[in-house]
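Residue-level structural notes
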Amino acid sequence: YSPWRAPGSAPVFDACGMAGGHVPPQGAFGGIYVTTPHAKLGDLGSKVLPKYPTGVVWRPGQSYEVTWSIQANHGGGYQYRLCPADQSLDEDCFRK
């Protein structure tokens, strides 16, 4: 289900990501997900990620420096998308 290899064909399991990238017990693709105190395979980011009062305000049209890292590069990619905190965190909101 790599959207980078077949744009538009990968399912969106959750607008905030899914731990491990697939629903258990489905598999045979992706890496082996190791359960941590923070998440287990199949956890939906929109349901398990806690809200933190950061005080950060993202303003439309502004540029921001961000960073990320990976452990192994398997030809994928990464996107940063924002949705107002007072709206439903779903794919429709992130596509606006």
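Residues numbered from 1 in each chain as written. Predicted model: local features only at pLDDT ≥ 70, side-chain atom pairs only at ≥ 80, totals over all residues. Heavy atoms only, no water.

Some points on the environment of Glu91
As for its position among the elements, Glu91 is in helix 2 (residues 91–95). Here Glu91 falls in the buried class, since its relative accessible area comes to 17%. Separated by 79 residues in the primary sequence, Glu91 and Val12 place their C-alpha atoms 7.9 Å from one another. When sequence neighbours within four positions are dropped, the list of residues in contact with Glu91 reads Val12, Ala15 and Arg81. (Helix = DSSP H or I, 4+ residues; strand = E, 2+ residues; numbered from the N terminus. Buried < 20%, exposed > 50% of the residue type's maximum accessible area, 1.4 Å probe, protein only. Contact = heavy atoms within 4.5 Å.)

Thoughts on the packing of aromatic side chains
Counting across every chain of the model gives one aromatic pair. Relative to Tyr64, the ring of Trp58 lies with its centre 4.7 Å away and its plane at 65°, an arrangement referred to as edge-to-face. A relative accessible area of 42% means that Trp58 is categorised as partly exposed. Classification of Tyr64 as partly exposed rests on a relative accessible area of 38%. (Phe/Tyr/Trp six-rings, centres within 6.5 Å; stacked < 30°, edge-to-face > 60°.)

A short note on the state of the cysteines
Here a disulfide denotes a covalent bond joining the sulfur atom of one cysteine to the sulfur atom of another. Within this structure, the stated rule accounts for one disulfide. Cys83 shares a disulfide with Cys93; S-S distance 1.7 Å. Handedness of the Cys83-Cys93 disulfide follows from its S-S torsion of about 100°: it is right-handed. Taken together, the residues Cys83 in the loop between helix 1 (45–48) and helix 2 and Cys93 in helix 2 connect sequence positions ten residues apart. Here Cys16 is not cross-linked by a disulfide; its sulfur's nearest cysteine counterpart is in Cys83, at 8.0 Å. By relative accessible area, which is 28% here, Cys16 ends up partly exposed. (Disulfide = S-S within 2.5 Å.)

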